[in-house]
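Structure assessment
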Amino acid sequence: MPRAGLTTTRVTAAAADLADEIGFENITLAALAKRFGVKDASLYSHVRNLQDLRTRVALLAGGEMIDRIAVAVAGRAGKDALAAFAGAYRAYALERPGRYAATQIRMDQSLIADSPALRRTAEITYGMLRAYGLAEPDLTDAVRLLRATFHGYCALESAGGFGAPRDVQKSWDRAVDALHVALENWPQEPH
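Summary of the structure given here. If you're wondering where the values come from, they're calculated on a predicted model, not measured in any experiment.

Brief notes about the pattern of salt bridges
- Considering all chains together, one arrives at 14 salt bridges under this definition.
- Across the salt bridge formed by D52 and R56, the nearest N and O atoms sit 3.1 Å from each other. Linking D52 with R56, this pair stays in helix α4 (residues 50-73), spanning four residues, or about one helical turn.
- Judged by its relative accessible area of 8%, D52 falls in the buried class.
- R76 is the partner of D80 in a salt bridge, and the nearest nitrogen-oxygen pair spans 3.0 Å.
- Here D80 falls in the partly exposed class, since its relative accessible area comes to 41%.

Now the structure itself:
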């Protein structure tokens, strides 16, 4: 019988909090059980295993992140939408480092298809990029460019990897400007 007060939602939220405190890769069922004052076995009524828990944290975090992005881009288009999207992405990555790390794991495609939050992520991201006149396969390529740029920048920033005296925010703004120019001038794929 599940322990009183523990639910899958509560266990997942606690794991997400723990990820922000100690790092996503450092989450263990033992550490989570200790937080609740229960034995590890008590958690198996709510999650199948550590991988299931990590996937649930990734889905939770993905939903939180796209909610922020959706609010930021609402009613915006073009460069304004791109800057809002980028800013919300970066803020989430820096404020919620463990949760953000969870959003970067590779997940089973069937889980992605079944996740309303991840479908919403695709809809919002692709919608923003369609305003640049992009269609497949360019949409996928542009999403990969944005994700690689945003993730790389956030990973370096959070690790203290920018040592030059130039303000990090100014560099971020210039990177977003450069992405806007690239999206407006997207190269045609050779046939």
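Regarding the packing of helix α9 (residues 138-158) against helix α10 (residues 168-184)
- The interhelical angle for the contact between α9 and α10, taken along N-to-C directions, is 170°, at an axis separation of 12 Å. It follows that α9 is roughly antiparallel to α10 by the angle criterion. Residues A142, L145, L146, T149, F150, Y153 and E157 of α9 lie in contact with α10, whose contacting residues are V168, S171, W172, L179 and L183.
- Looking at the contact of α9 with α10 residue by residue, the class counts come to nine nonpolar, two polar and one charged.

Some words on the side chain of T12
- By the secondary structure assignment, T12 is in helix α1 (residues 8-22).
- Those residues in contact with T12 that lie beyond four places of it in its chain are L53, R56, V57 and L60.

Examining helix α5 (residues 78-95)
- An ideal rise of 1.5 Å per residue puts 26 Å on 18 residues; α5 measures up with 26 Å between its terminal C-alpha atoms.
- On its buried side, α5 packs onto α4, α6 (97-102), α8 (116-130), α9 and α10.

A closer look at the nonpolar core
- Core analysis: the largest hydrophobic core is formed by 34 residues, its most contacted members being I69, L82, L129, F150 and L183.
- Sorting the residues of this core by element identifies α4, α5, α8, α9 and α10 as the ones contributing at least two each.
- Here this core gets nine residues from one element, more than from any other, and that element is α5.
- Once residues within four sequence positions are removed from consideration, L183 is found in contact with L82, L129, Y132, L134, A142 and L146.
- In terms of nonpolar packing, the next biggest core, distinct from the first, is built from 22 residues, L6, A16, L32 and V47 among them.

Regarding unusual backbone geometry
- The step from E136 to P137 runs through a cis peptide bond, and the omega angle for that step is 5°.
- Locating P137 in the fold gives a position in the loop between α8 and α9.

Some words on the packing of aromatic side chains
- Across all of its chains, the model carries six aromatic pairs by this definition.
- Ring centres 5.5 Å apart and planes at 75° place the aromatic pair Y89 and Y100 in the edge-to-face group. In this pair, Y89 is assigned in helix α5 and Y100 in helix α6, connecting sequence segments 11 residues apart.
- Each ring, one from Y89 and one from F150, has its centre 5.3 Å from the other, and the planes form 50°; the classification is tilted. Here the residue Y89 occupies a position in helix α5, and F150 occupies one in helix α9, the gap between them amounting to 61 residues.
- Over the ring of F24 we find R54; its NZ or CZ atom is 5.6 Å from the centre of that ring.

Criteria and cut-off values
- Residues numbered from 1 in each chain as written.
- Predicted model: local features only at pLDDT ≥ 70, side-chain atom pairs only at ≥ 80, totals over all residues.
- Heavy atoms only, no water.
- Salt bridge = Lys/Arg side-chain N within 4 Å of Asp/Glu carboxyl O.
- Helix = DSSP H or I, 4+ residues; strand = E, 2+ residues; numbered from the N terminus.
- Buried < 20%, exposed > 50% of the residue type's maximum accessible area, 1.4 Å probe, protein only.
- Axes fitted to C-alpha atoms, helices over the stretch in contact; angles between N-to-C directions.
- Parallel < 35°, antiparallel > 145°, perpendicular 65-115°, else oblique.
- Contact = heavy atoms within 4.5 Å.
- Nonpolar A, V, L, I, M, F, W, Y, C, P; charged D, E, K, R; others polar.
- Expected span 1.5 Å × (residues − 1).
- Core = buried A, V, L, I, M, F, W, Y, C linked by side-chain atoms within 4.5 Å.
- Phe/Tyr/Trp six-rings, centres within 6.5 Å; stacked < 30°, edge-to-face > 60°.
- Lys NZ or Arg CZ within 6 Å of the ring centre and 35° of its normal.

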